[in-house]
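What follows is each chain in one-letter form.
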Amino acid sequence: MDVPLRQRDRSGLEFLGSLQHHAGGVLQPAAAARYEAAVPDQPAGLADRRRSVGTVLADHGPWLFDRFLTRWVAEEIYVRALPAVEHGRERIDAWLNAGGAPGTLALDPGVEIPDYWNAGFHLTTGGWDGHDLMGVVTRDLGYEYVLAPGGVGAVRTGEDILDQRERVAREAPRRDYRRILEPGVGTGMFAHAVARVFPDAEFTGVDLSRTGLEYAHATARDAGLPWRLIQAPAERTGLPDASFDLAAVYILFHETPPKATAAILRELFRVLEPGGDLVIGDVAPYDRHPAFRAVVLDWETEHRGEPFWRSALQLDLPGLLREAGFTDVEAYGAGGGTYPWITRGHKAA
Ligand SMILES: C[S@@+](CC[C@H](N)C(=O)[O-])C[C@H]1O[C@@H](n2cnc3c(N)ncnc32)[C@H](O)[C@@H]1O
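Computed from a predicted model, the values in this text were never measured in an experiment.

Student: Help me understand the overall build of the protein chain, please; the structure alone is not making it clear to me.
Tutor: Helices and strands together make up the secondary structure of the protein chain, namely 12 helices and 8 strands. The C-alpha radius of gyration computed for the protein chain amounts to 20 Å, which stays within 12% of the reference 20 Å derived for 349 residues, consistent with globular compactness. Projected onto its principal axes, the C-alpha positions of the protein chain cover 55 × 50 × 35 Å. The burial tally for the protein chain puts 46% of its 349 residues in the buried class. Across the protein chain, every contact between residues at least 6 apart in sequence was considered, and the portion connecting residues at least 24 apart equals 77%.

Written out as structure tokens, the structure is:
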């Protein structure tokens with residue numbers, strides 16, 4: 001939505017976006033060049049890579065400032081965005097609660113929340129639902145002003161996160177799906193990409209986040225899309241067996257611990273009909289990256305509120321798909337790169 005911002009809120013957020021752009025686009029490439037020149041034979045294992053980058057760049061100004069600014073910007077988003085949404089609360093509430101949506105939103109105040117979901121993601125104050133307008137905070141302010149210019153996490157400076165979502169949706173093998181499920185639908189950004197690629201399919205989104213679902217519901221209403229949105233854990237959706245022909249997942253599995261990832265995959269296998277497909281877009285595993293890049297990604301685990309990043313990026317996701325029952329499992333970079341990284345599977349007919 002178009003959040004009514006005071007000039008100082010807008011300029012403060014734009015400043016953060018510019019800093020992130022500079023850190024990711026100027027400082028980080030300088031650090032990468034220094035490291036790669038100093039270590040032509042790069043180590044392979046994560047522990048050795050972290051030690052090597054830490055030692056070689058210990059007194060390298062661009063590297064230290066890149067990390068400092070990236071952490072500071074991530075914290076500062078909420079320092080600036082929370083007062084900004086309070087200022088716009090009346091209009092935001094009216095937008096969120098306007099009726100007339102063609103779809104449905106089923107919230108469950110008694111939903112069973114797994115412990116890991118409360119792990120304080122992305123340095124938010126209180127996690128995914130740590131503020132009652134967190135959907136607007138993350139999507140319209142954090143994402144729009146600070147993260148969209150890229151240069152943080154897996155998204156490089158100048159890359160377009162929205163375009164990347166559509167690319168993932170297009171990696172689903174067919175074009176004639178009728179019923180699509182997205183676990184971890186959040187504020188619905190990927191869901192809109194799915195709707196653009198599969199305009200005739202029915203769409204169901206599941207998430208634990210009330211604020212994310214409320215936001216997604218409002219955007220679906222504005223776009224005239226009849227989405228069915230359900231507050232439930234992706235591990236136990238409560239949806240009938242064999243009721244979807246595509247499950248599409250975007251950047252959920254770096255937010256879940258390995259046991260939850262395995263449980264969600266089993267659930268997706270259950271709700272897919274025979275002949276159905278699964279497509280997943282996320283960050284490529286560490287072993288697909290050069291040492292410096294792997295260390296930059298891994299840094300997110302301890303410093304930018306990504307508690308399951310390290311375990312997720314060392315996980316054998318294709319192996320877990322096979323264990324869940326999927327066949328024809330493939331893993332590759334969409335467009336030949338490493339992000340978005342696609343993992344696909346099929347439920348045999
Ligand atoms: C990074 S967001 C991705 C949102 C969306 N897929 C997109 O790209 O536009 C991850 C979402 O997964 C949700 N999530 C994490 N664990 C979940 C679980 N076990 N069940 C349902 N949703 C979960 C979070 O609440 C969050 O909204």
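Now that the structure has been shown, we can carry on.
Student: Explain the site of the ligand here, please?
Tutor: In the vicinity of the ligand there are 23 residues, among which G184, G186, M189, F190 and A234 approach most closely. If you list the elements that add at least two residues to the shell around the ligand, you get α7 (189–197) and β3 (202–207). Residue composition of the shell around the ligand, grouped by class: 15 nonpolar, 5 polar and 3 charged.

Student: In this structure, what is going on with helix α8 (residues 210–223)? I would like to understand it.
Tutor: Because each turn of an α-helix spans 3.6 residues, side chains separated by three or four positions in sequence point in the same direction. The first and last C-alpha atoms of α8 sit 20 Å apart over 14 residues, in line with the 20 Å expected at 1.5 Å per residue. Extensive coverage of α8 is indicated by the burial of 11 of its 14 residues. Three or more residues of α8 are buried, namely T211, G212, L213, E214, Y215, A216, H217, A218, T219, A220 and R221. Along its buried surface, α8 packs onto α4 (89–97), β1 (104–106), α5 (134–147), α7, β3 and β4 (228–231).

Student: How should I be thinking about the sheet that holds strand β5 (residues 244–250) in this particular structure?
Tutor: The strands making up a sheet are joined through hydrogen bonds of the backbone, oriented either antiparallel or parallel. Sheet architecture is open: 8 strands sit in the order β1-β4-β3-β2-β5-β6-β8-β7, paired in mixed fashion. Each having just a single partner strand, β1 and β7 (327–333) make up the two edges of the open sheet. When the angles between neighbouring strand axes are averaged without regard to direction, this sheet yields 15 degrees. Where β5 and strand β6 (residues 272–282) come together, 6 bridges link them in parallel fashion. Following the sheet pairing, A247 is matched in β6 by L278.

Student: Just to check I follow, could you spell out the pairing of β4 for this structure?
Tutor: Each regular strand carries side chains that alternate between the two faces of the sheet. As paired strands, β1 and β4 are joined by 3 bridges and run parallel to one another. Across the sheet, L105 pairs through a bridge with L229, a residue of β4. Alignment of β3 against β4, held across 4 bridges, turns out to be parallel. Residue pairing in the sheet places D207 in a bridge with Q231 of β4. Read as a crossover between parallel neighbours, the route from β3 over α8 to β4 is right-handed.

Student: Looking at this structure, I do not really get the nonpolar core. What am I missing?
Tutor: One broad trend across soluble globular proteins is that nonpolar side chains are buried collectively. Counting 95 residues, the largest nonpolar core has A81, V85, I180, V194, A247 and A248 as the members making the most contacts within it. A per-element tally of this core places helix α3 (residues 61–87) first, with 9 residues. Residue contacts for A247: discarding those within four places in its chain leaves L181, L268, L272 and L278.

Student: Which parts of the structure should I look at to understand α5?
Tutor: The terminal C-alpha atoms of α5 lie 15 Å apart, and with 14 residues this falls more than 12% below the ideal 20 Å at 1.5 Å per residue. The element α5 is largely enclosed, with a buried count of 12 among its 14 residues. Here α5 has its buried residues at M134, G135, V136, V137, T138, R139, D140, L141, G142, Y145, V146 and L147. Here the buried face of α5 lies against α1 (7–38), α3, α4 and α8.

Student: Mind showing me how you'd approach the environment of R178 here?
Tutor: One can find R178 in the loop between α6 (161–170) and β2 (179–183). For R178, a count of 12 C-beta atoms within 10 Å puts it in the exposed group. Through-space distance from the C-alpha of R178 to that of R304 is 38 Å; in sequence the pair is 126 residues apart.

Student: Would you explain the packing of helix α9 (residues 258–271) against helix α12 (residues 317–324) in this entry?
Tutor: Between two packed helices, both the angle of their axes relative to each other and the distance between the axes serve to describe the pair. α12 packs onto α9 with a crossing angle of 45 degrees between their chain directions and a minimal axis gap of 9 Å. Our classification of the angle between α9 and α12 gives oblique. Crossing geometry of α9 relative to α12 is assigned as right-handed. Listed contacts from α12 to T261, A262, L265, R266 and F269 of α9 are L320, L321 and A324. Across the contact of α9 with α12, the residue classes break down as 6 nonpolar, 1 polar and 1 charged.

Conventions used here
- Residues numbered from 1 in each chain as written.
- Predicted model: local features only at pLDDT ≥ 70, side-chain atom pairs only at ≥ 80, totals over all residues.
- Helix = DSSP H or I, 4+ residues; strand = E, 2+ residues; numbered from the N terminus.
- Rg over C-alpha atoms; globule rule 2.2 N^0.38 Å.
- Buried ≥ 20, exposed ≤ 12 C-beta atoms within 10 Å, placed from the backbone.
- Contact = placed C-beta atoms within 7 Å.
- Near = placed C-beta within 6 Å.
- Nonpolar A, V, L, I, M, F, W, Y, C, P; charged D, E, K, R; others polar.
- Expected span 1.5 Å × (residues − 1).
- Pairing = 2+ DSSP bridges.
- Axes fitted to C-alpha atoms, helices over the stretch in contact; angles between N-to-C directions.
- Right-handed = clockwise from strand over helix to strand, strands pointing away.
- Core = buried A, V, L, I, M, F, W, Y, C linked by C-beta atoms within 7 Å.
- Parallel < 35°, antiparallel > 145°, perpendicular 65-115°, else oblique.
- Left-handed = near helix turned anticlockwise from the far one by under 90°.

These figures capture arrangement, not role.
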